[in-house]
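Below, each chain spelled out in residue letters.
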Number of protein chains: 2
Amino acid sequence: MSETAPLDITGWTCPAPLRDHPRVVMGHGGGGALSAELVRHVFAPAYGGPALADLGDSARLTLGGARLAFSTDSYVVRPLFFPGGSIGDLAVNGTVNDLAMSGATAAYLSCGFILEEGVEVATVARVAEALGAAARAAGVEVATGDTKVVEAGHGDGVYVNTAGIGLIPAGVDLRPQRVVPGDVVIVSGEIGLHGVAIMSVREGLEFGVDVASDCAALGGLVEAMLAVTPDLHVLRDPTRGGLAASLNEIAAASGTGVVLREGAVPVPPAVANACAVLGLDPFYVANEGKLVAFVPREHADAVLDAMHAHPLGRRAAVIGEAVADHPGLVVARTGLGGTRVIDLPLGEQLPRIC
Amino acid sequence: MSETAPLDITGWTCPAPLRDHPRVVMGHGGGGALSAELVRHVFAPAYGGPALADLGDSARLTLGGARLAFSTDSYVVRPLFFPGGSIGDLAVNGTVNDLAMSGATAAYLSCGFILEEGVEVATVARVAEALGAAARAAGVEVATGDTKVVEAGHGDGVYVNTAGIGLIPAGVDLRPQRVVPGDVVIVSGEIGLHGVAIMSVREGLEFGVDVASDCAALGGLVEAMLAVTPDLHVLRDPTRGGLAASLNEIAAASGTGVVLREGAVPVPPAVANACAVLGLDPFYVANEGKLVAFVPREHADAVLDAMHAHPLGRRAAVIGEAVADHPGLVVARTGLGGTRVIDLPLGEQLPRIC
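Residues numbered from 1 in each chain as written. Chains lettered and ligands numbered in written order. Predicted model: local features only at pLDDT ≥ 70, side-chain atom pairs only at ≥ 80, totals over all residues. Heavy atoms only, no water.

- Per an unreviewed UniProt entry, chain A goes by the name Hydrogenase expression/formation protein HypE and belongs to Streptomyces bambusae.

Okay, structure coming up:
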């Protein structure tokens, strides 16, 4: 930091859970336990209202009689362009997907750039073009924008923030509190692709692997699932922190346990190999075009069929169920009849994955 | 920049107007002519739709039958805390004011933090508390948020993005295309306070002056004005680029000319003195709690009375009028009977003012 607050900032009592980290560490942005502490002990006390208290992927609001979903993410991925996508694709699909997890069809995005002095205008243009192409593919309109520039050494080429608004269809009410024991857990496809694709081109870590990011907009897949029944219980897109973080958030908020059949989770061989070499667990690796759904048992087969019929759900699979045992805890049954606890990660294995 | 795009970014033909600056310069974020070129030649071709084409302070949308305003800004102000406010106050009031310029009452904000590794958690907490206090004062709820962390040397403590949505009341249609010759130009109070307050504490530039930022939420003032008549023509908040940038944008988009009476523009003595010393023109200095209104002549007196009755409009003054002459051009009449052209600034006089 080149600059700290010149005015009085004393008088703030650091809550006990944060005292291990009086200064921000990379893990605070990882979407795991450290991020959750910051939200719980810093942001929520400062400005948390009823909508924020939900802590879902997007807020659900009513305004002028319309049921809206509203969500934001900043994108700081390195490198800006990677196999299968770019920061421009992420900035659209990440926010569109957060809206889709409320069942909402994304309608409008805002787009705020923070550019670093000295970045090539051609690079900015390439990011903007990727963002525009992704928006057209997702059927969402960029309605408003802003550009700020910071001095060289205070940014990293291009950061993008998008916020999105979408309409939630009547009868749709997706939230973890609706999960009940017996719900079937479905993942929409192969996990770990985005994280491994980024790692494979990350400076200082490059390795040869034929893996592209799964970055994609999930609005159409969610529409197809809701056409089977509006009575899905909860959806999440397992981005930072991977499947493990999403399932732990749902288990904690719903007060049910989750049991996974470890062998049923689709892990592509290239992801499994890369994770083995790097000492990572694919359950914790980020995805950008996958969702996990908790579906009432009586609808599970039909929802799975609808997913298989959609290009982004061809490899959808039942991977487990919600249980009354061990509330709040996610447990995987291994092939040999053993079990292991899938914890909420502390941070992200690799910073700046999105 | 520590990193450039590793994949092919060739094939982009830099439009002629941008060729003086193949790399991003600070002025691209200044809200003046350089910013406008970037929007026109890079962002609009890549993803510009009908809503973005308006280029107002906020987009006006219809969703689920509701008439909404939608706006975003990133905040990168240095220092984080300054006389009269902080980045947290700006992040609320700046976006609330962009919505108010569409006549909308801000309802919900999103909030995305980009934190630099190593910043004190107490500093983040102070920013969050200021943001929360400003949101409560403005009557807006922070509904959704996100936190990213970047490595030391790739940020500057705290950057914040907010996006906001609000309802536009029936019968309100504020846009520069509605301006007609004869419209009265009103400014809501003394100009230049925010910019001079920031300059007075900017590292390497500190000077003693008793000026605090005017940072404030203008929603209530706009409501009071619209209560007189919904038929105001256009509102703008003169932030980056000051009164000069706002008036030039309105003149260009409306196709009318603007004539100012220079002596009628309220400039506090401390701002005038600071500008004289620094060689600046107060017309180009940023404000964060002021608006400029183009009002039909028959309503001007009543609107001015309503503004004077509001705490944020006590010093409101008629400063000029829209004219059929010199369409698109802003001209100031000086006290001695002379005139000078008030150009659109190229960038901001001081970077990172908001």
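### As for the overall build of chain A
- Within chain A, the secondary structure is distributed over 9 helices and 14 strands.
- Relative to the 2.2 N^0.38 estimate, which gives 20 Å for 354 residues, the radius of gyration of chain A is 20 Å and therefore close to what a compact globule would have.
- Seen through its C-alpha atoms, chain A measures out along the principal axes to roughly 55 × 50 × 45 Å.
- For chain A, the proportion of its 354 residues judged to be buried stands at 63%.
- Relative to all contacts within chain A whose residues are 6 or more apart in sequence, the contacts with residues 24 or more apart total 83%.
- When the accessible surface of chain A is totalled, it reaches about 11900 Å², and 53% of it is carbon and sulfur.
- Each charge class in chain A was averaged separately, 22 positive and 38 negative side chains, and the resulting centres sit 3 Å apart. (Helix = DSSP H or I, 4+ residues; strand = E, 2+ residues; numbered from the N terminus. Rg over C-alpha atoms; globule rule 2.2 N^0.38 Å. Buried < 20%, exposed > 50% of the residue type's maximum accessible area, 1.4 Å probe, protein only. Contact = heavy atoms within 4.5 Å. Areas by Shrake-Rupley, 256 points an atom, 1.4 Å probe, with all protein chains shown as cover. Lys, Arg positive; Asp, Glu negative; His and termini not counted. Charge placed at Lys NZ, Arg CZ, Asp CG, Glu CD.)

### Let's talk about the UniProt feature "domain: PurM-like C-terminal" (unreviewed entry) in chain A
- Those places that UniProt annotates as "domain: PurM-like C-terminal" (unreviewed entry) correspond, in this numbering, to residues 181-326 of chain A.
- In the segment residues 181-326 of chain A, helix accounts for 35% and strand for 16%; the C-alpha atoms at its two ends are 11 Å apart. (UniProt positions renumbered as here; feature names shortened; annotations may be inferred.)

### Here we look at the pairing of strand 8 (residues 184-187) of chain B
All names here are of chain B.
- Going residue by residue along strand 8, you find V184 and I186 tucked away on one face and V185 and V187 tucked away on the opposite face as well.
- In this structure, strand 8 lies alongside strand 12 (residues 317-323), joined through 4 bridges in antiparallel fashion. Note on strand 12: the bridge partner recorded for I186 is V318. (Pairing = 2+ DSSP bridges.)

### Looking at the relation of the copies chain A and chain B
- Superposing chain A onto chain B takes a rotation of 180° plus a shift of 0.0 Å along the axis, which leaves an RMSD of 0.0 Å. These values place the two chain copies in the arrangement generated by a two-fold rotation axis.
- When the interface residues of chain A are mapped onto chain B, 99% of them again lie at the interface, so the same face is used by both copies. (Least-squares fit on C-alpha atoms with pLDDT ≥ 70 in both.)

### With respect to the interface of chain A and chain B
- On the chain B side, the residues contacting the 98 residues of chain A number 97 residues.
- Counting every contact that joins chain A to chain B gives 10 salt bridges.
- One salt bridge connects R240 of chain A with D146 of chain B, and the closest N-O pair in it is separated by 2.9 Å.
- The tally of links from chain A across to chain B stands at 28 residue pairs in polar contact (both at pLDDT 80 or more).
- In terms of residues, the side of chain A that touches chain B owes the most to one element, helix 4 (residues 121-138) of chain A, which gives 11 residues.
- Split by residue class, the side of chain A that touches chain B holds 53 nonpolar, 27 polar and 18 charged. (Salt bridge = Lys/Arg side-chain N within 4 Å of Asp/Glu carboxyl O. Polar contact = N/O pair within 3.5 Å; in protein donor to acceptor, adjacent residues only side chain to side chain. Nonpolar A, V, L, I, M, F, W, Y, C, P; charged D, E, K, R; others polar.)

### A few points about the pairing of strand 12 of chain B
Residue and element names in this part refer to chain B.
- Within strand 12, 5 of the 7 residues are buried, which leaves it mostly tucked inside the rest of the structure.
- Where strand 10 (residues 257-261) lies against strand 12, 4 bridges are found, and the strand directions are antiparallel. If you follow L260 over to strand 12, its bridge partner there is G320.

### Description of the packing of aromatic side chains
- For the structure on display, the rule yields 4 aromatic pairs over all chains.
- With a centroid separation of 4.8 Å and an interplanar angle of 10°, the aromatic rings of F113 of chain A and F43 of chain B are classed as stacked. Pair noted here: F113 of chain A is in strand 5 (residues 105-116) and F43 of chain B is in helix 1 (residues 33-47), and the two residues belong to different chains. In this structure, F113 of chain A and F43 of chain B share a single accessibility class: buried.
- Ring plane angle 25° and centroid distance 6.0 Å describe the contact between F43 of chain B and Y47 of chain B, whose orientation is recorded as stacked. With F43 of chain B and Y47 of chain B both in helix 1 and 4 residues apart, this pair spans about one turn of that helix. Note on accessibility: F43 of chain B and Y47 of chain B belong to one class, buried.
- The structure contains a cluster of three or more aromatic residues connected by ring pairs, namely F43 and Y47 of chain A together with F113 of chain B.
- The lysine or arginine in question, R340 of chain A, covers the ring of F283 of chain A, its NZ or CZ lying 5.4 Å from the ring centre. (Phe/Tyr/Trp six-rings, centres within 6.5 Å; stacked < 30°, edge-to-face > 60°. Lys NZ or Arg CZ within 6 Å of the ring centre and 35° of its normal.)

### Some remarks on the sheet that holds strand 12 of chain B
Residue and element names in this part refer to chain B.
- Ordered in space as 9-11-8-12-10-13-14, the 7 strands form an open sheet in which the pairing is mixed. Either end of the sheet is taken by a strand with one partner, and the two such strands are strand 9 (234-236) and strand 14 (339-341). For this sheet the average axis-to-axis angle between neighbouring strands, irrespective of direction, equals 25°.
- Bridge count for strand 10 against strand 13 (residues 330-333) is 4 bridges, and the pairing is parallel. Across the sheet, the residue bridging to V259 is V331, located in strand 13. (Axes fitted to C-alpha atoms, helices over the stretch in contact; angles between N-to-C directions.)

### A closer look at the packing of helix 1 (residues 33-47) of chain A against helix 4 (residues 121-138) of chain B
- Here helix 1 of chain A crosses helix 4 of chain B at 30°, and the two axes come no closer than 7 Å. Between helix 1 of chain A and helix 4 of chain B, the angle falls in the class roughly parallel. Like other packed secondary-structure pairs, helix 1 of chain A and helix 4 of chain B cross with a definite hand, here right-handed. For the pair helix 1 of chain A and helix 4 of chain B, the contacting residues are L38, V42, F43, A46 and Y47 of chain A in the first and V121, V124, A125, A128, E129, L131, G132 and R136 of chain B in the second.
- Within the contact of helix 1 of chain A with helix 4 of chain B, the residues separate by chemical class into 10 nonpolar, 1 polar and 2 charged. (Parallel < 35°, antiparallel > 145°, perpendicular 65-115°, else oblique. Left-handed = near helix turned anticlockwise from the far one by under 90°.)

### Focus on helix 8 (residues 269-278) of chain B
Residues and elements named next belong to chain B.
- Among all positions of helix 8, only V271, A274 and C275 are buried. All buried residues of helix 8 fall inside an arc of 100° around its axis, so they share one side. Seen from the open side of helix 8, the exposed residues pointing more than 90 degrees away from its buried face are P269, N273, A276 and V277.
- Residues of helix 8 that are buried sit in contact with helix 5 (193-201).
- A positive phi of about 70° marks G279, the residue just after helix 8. (Arc of directions from axis to C-beta.)

### A few points about the pattern of salt bridges
- Tallied over the entire structure, the rule returns 36 salt bridges over all chains.
- Ionic pairing is found between R78 of chain A and E151 of chain B, a salt bridge with its closest N-O pair at 2.9 Å. With R78 of chain A in the loop between strand 2 (66-75) and strand 3 (81-82) and E151 of chain B in the loop between strand 6 (141-150) and strand 7 (158-167), this pair bridges two chains. The pair R78 of chain A / E151 of chain B is uniform in exposure class, with both members buried.
- A salt bridge links E249 of chain B to R236 of chain B; the shortest N-O distance between them is 2.5 Å. One end of the pair, E249 of chain B, is in helix 7 (residues 242-254); the other, R236 of chain B, is in strand 9, and 13 residues separate them in sequence.

### Remarks on the domain arrangement of chain A
All names here are of chain A.
- By the assigned domains, chain A splits into domain 1 (22-167) and domain 2 (176-341).
- Distance between the C-alpha centres of domain 1 and domain 2: 22 Å.
- With both sides pooled, the region where domain 1 packs onto domain 2 buries about 2000 Å², and carbon together with sulfur makes up 55% of that total.
- For the domain 1 face of the interface with domain 2, the top three residues by lost area are R78, P83 and M101, together amounting to 28%.
- Summed over the shared surface of domain 1 and domain 2, the number is 0 salt bridges. (Domains from an automatic or database assignment. Buried area = accessible area lost by both parts, 1.4 Å probe.)

### Here we look at the sheet that holds strand 1 (residues 59-63) of chain B
Residue and element names in this part refer to chain B.
- Spatially, 1-2-7-5-6 is the arrangement adopted by the 5 strands of the open sheet, whose pairing is mixed. Of all the strands in the sheet, just strand 1 and strand 6 have a single pairing partner and so form its edges. Geometrically, the sheet is characterised by an average inter-axis angle of 20° between neighbouring strands, direction not taken into account.
- Strand direction decides the pairing type here: strand 5 (residues 105-116) and strand 7, joined by 10 bridges, are antiparallel.

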